[in-house]
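Reading the structure
Here are the chains, one letter per residue:
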Amino acid sequence: MEVTLTSAAAATSSTKQVEQQQQQQFALASLTDLTSCCSSSCVASASSTSSPAVATFSADDGVAELRFRRESDSDGGVVNVDLTTAQIWKLGPTQAVCIFDGSDCDSNEEKYSKGVTVQFRNEEESRIFHCAFEQWKKGIVTQGESLPNGTLSSKSKFDDKIEPSSAKMYFHYYGQLLHQQNMLQDYVRTGTYYAAVIENRADFFGRVVVDVGAGSGILSLFAAQAGAKHVYAIEASEMADYATKLIAGNPALGERITVIKGKVEEVELPEKADILISEPMGTLLVNERMLETYVIARDRFLAPTGKMFPSVGRIHMAPFSDEYLFVEVANKALFWQQKNYFGVNLTPLHESAFQGYFSQPVVDAFDPRLLVAPATYHVLDFAQMKEEDLYELDIPLKFTASVGTRVHGLACWFDVLFNGSTVQRWLTTAPGAPTTHWYQLRCVLAQPLYVMAGQEITGGLQLVAHSAQSYTIHLTLSTKMWGPGSEQGGILQTSSCKLDLKEPYYRMSQPQAYAMPQEPQPQQFIPTQLQDVHIQADDLDDTDLIQPLQNLEAQLP
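You'll find the protein chain entered in an unreviewed UniProt entry as type I protein arginine methyltransferase, with Linum trigynum given as the organism.

As structure tokens, then:
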């Protein structure tokens, strides 16, 4: 364990070494040239050269480079490596090959790459060297050194996909304790994670665990409680400092946890993980695009036989009817119908405002009896899917209406599976289940659809990722002819909308209670007719009310 901690410390401190040290040296067991110059004869003669050597990282005059020098050679045996173009690959636990641009060829001829095979004295020194190589190379990128073909702009995969302004706000948000507290106080979320880990001790005991986006470090502490051999808690925001403090305050567990501050796409770990644990879910499961980071962590850190907690996610969808919500959204634009607002006619902007309000997904908790058809779901297998699979999700929709009513849009929620060896446990955000900080999400159509019981509703839900760490939602719902002869019929009506998952309307209301009808009529869609009277908890003690409620339940689909 001491060796492992030393390696992790080297990985986390190497960035400071680049800034603070002018030189860093490594003793090598041997160094073998792969190429020497442009001619084939030179390659052949140089390939057999092998002897103990020293590798030196240095930053002379603000320019970082790597030098290999054989101990048996004079000054002429120095191999200078330009870190801006160099790449290194592991050939084995103690062997690597470093490839870099050649610079001694005739300018009129094609430039060839050069390379050396490096043999380290032991596996530990190999790990530390690779960490140092990445961090010294990263130090160059940060400085933005000027090259012959322009300024080097080498970004991580995260930086290539995400706008800097969005990333800054994202990491600032999750770097604050008040937001971490909001998630920790979601006892459904936190309690389910705790149960999934502790009930599956067999998966964690004596294993190496990586906590992706560790936040406060709570999941790392859970893993340590379950007997993990060592936990690497990766966190890119300033919350890493708080996590370090929290873990240090729990020394019995903290001695087996290493906090690594940095992006998953950039940090290096000294060993593979047996377990990957994370809470990468956002609104509608995919918001904030952390699922992509979770998949990248799987590819970079997880052993081939390792487990992911969670391993599967499902997006559930069903059409809903909610007249009050529709009117509430539509009425927001009434402000822009004023023709004399301090002498100004606002009506030219009414249509734009109307469409703008309907482009906001609604985040709140709703009564499941507002659903007008059984839900369907789309599966995301975190253990098998590719990162690119999350760039665009196309989900076909097909429902059969249970009642006759107006359809105001599509309701969505998600759940994830912790597929432990001992216990399988689901974390759900479904309507009717205990409310979580994710609530549910509804896409409201500006033009509702009319359906009758038994009528088919079809369409599609498309989610397209964008650089603001979220998704553009494209929803289309259509109704088909129904009843006798419907096989020859087609689409009766269609309604579509485009929404930005990044800009939801946080309604945050609790599920609305249902009023008691005086005389429910046959074929009447009861949920949308019974929302104006709220049932208080104290009212449930009234036996006169309980019996009508039971009668109502019997009438609902």
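Spatially, the five strands line up as an open sheet ordered S12-S11-S10-S13-S14, and their pairing is parallel. In the strand order of this sheet, the two ends are held by strand S12 (257-261) and strand S14 (302-309), each with one partner. Neighbour to neighbour, the strand axes of the sheet diverge by 25° on average, direction disregarded. Here strand S10 (residues 208-212) pairs with strand S13 (residues 273-278) via four bridges, running parallel. By the bridge assignment, Val 212 is partnered in S13 with Ser 278. Docked against the sheet, helix H10 (residues 239-248) engages strand S11 (230-235) and S12, running at close to 165° with respect to S12.

With that settled, consider helix H12 (residues 290-301). The end-to-end C-alpha distance of H12, which contains 12 residues, comes to 16 Å, matching closely the 16 Å that a straight helix rising 1.5 Å per residue would cover. Most of H12 is tucked away: 10 of the 12 residues are buried.

Between helix H7 (residues 187-198) and helix H9 (residues 218-225), the least distance of the axes is 9 Å, while the angle of their chain directions is 30°. When the axes of H7 and H9 are compared, the pair comes out roughly parallel. Our pair here, H7 against H9, has a crossing hand that is right-handed. Where H7 abuts H9, its residues Thr 190, Tyr 193, Tyr 194, Val 197 and Ile 198 lie against Leu 219, Phe 222, Ala 223 and Gln 225. Looking at the contact of H7 with H9 residue by residue, the class counts come to seven nonpolar, two polar and no charged.

What follows covers the pattern of salt bridges. A side chain with one charge can pair with a side chain of the opposite charge if their charged atoms come near. This model, assessed by the stated rule, comprises 21 salt bridges. Between Glu 125 and Arg 121 there is a salt bridge, with its nearest N and O atoms 2.8 Å apart. Across the salt bridge formed by Lys 161 and Glu 292, the nearest N and O atoms sit 2.6 Å from each other. You can see Lys 161 sitting in helix H4 (residues 157-161) and its partner Glu 292 sitting in helix H12, a full 131 residues away along the chain. A single burial state applies to Lys 161 and to Glu 292, both of which are buried. A single salt-bridge network, built from bridges that share partners, covers Asp 322, Glu 328, Asp 364, Arg 442 and Arg 507.

Let us now look at the nonpolar core. Generally speaking, a soluble globular protein has its nonpolar side chains buried in company with each other. Membership of the largest hydrophobic core comes to 93 residues, with the highest contact counts inside it found for Val 286 and Leu 461. With seven residues, H12 is the largest single contributor of residues to this core. Sequence-distant contacts of Val 286, defined by excluding residues within four places in its chain, comprise Leu 291, Ile 315, Leu 380, Leu 393, Leu 463, Tyr 471 and Leu 501. Among the nonpolar cores identified, the runner-up in size contains 25 residues, and Ala 53, Ala 59, Val 79 and Ala 86 belong to it.

Criteria and thresholds
- Here the residue numbering is sequential within each chain, running from 1 through the sequence in written order.
- The predicted origin of the model limits local features to residues at a pLDDT of at least 70 and limits the giving and counting of side-chain atom pairs to 80 or more, whereas totals for whole chains, interfaces and linings rest on all residues.
- In computing side-chain properties, one takes all heavy atoms of the structure into account and sets aside hydrogens as well as water.
- Strand pairing requires that DSSP identify at least two bridges connecting the strands.
- We count a stretch as a helix when DSSP gives it H or I for four or more residues in a row; a strand needs E for two or more, and each element gets its number in order from the N terminus.
- Note on method: axes are straight lines fitted to C-alpha atoms, helices fitted across the in-contact stretch only, with angles between N-to-C directions ranging 0 to 180 degrees.
- Throughout, a residue-residue contact means that at least one pair of heavy atoms, one from each residue, lies within 4.5 Å.
- An expected span of 1.5 Å times one less than the residue number is assigned to each helix.
- Burial classes: relative accessible area under 20% of the type maximum marks a residue as buried, over 50% as exposed, and values in between as partly exposed (1.4 Å probe, protein chains only).
- Small angles under 35 degrees read as roughly parallel and large ones over 145 as roughly antiparallel, with 65 to 115 read as roughly perpendicular and the rest as oblique.
- Less than a right angle of anticlockwise turn of the near helix away from the far helix marks a crossing as left-handed, whereas a clockwise turn marks it as right-handed.
- Just so you know the grouping, Ala, Val, Leu, Ile, Met, Phe, Trp, Tyr, Cys and Pro go in nonpolar, Asp, Glu, Lys and Arg go in charged, and all remaining residues, Gly too, go in polar.
- Any Lys or Arg side-chain nitrogen found within 4 Å of a carboxyl oxygen on Asp or Glu counts as a salt bridge.
- Remark: nonpolar core denotes a set of buried residues (Ala, Val, Leu, Ile, Met, Phe, Trp, Tyr, Cys) joined through side-chain atoms within 4.5 Å.

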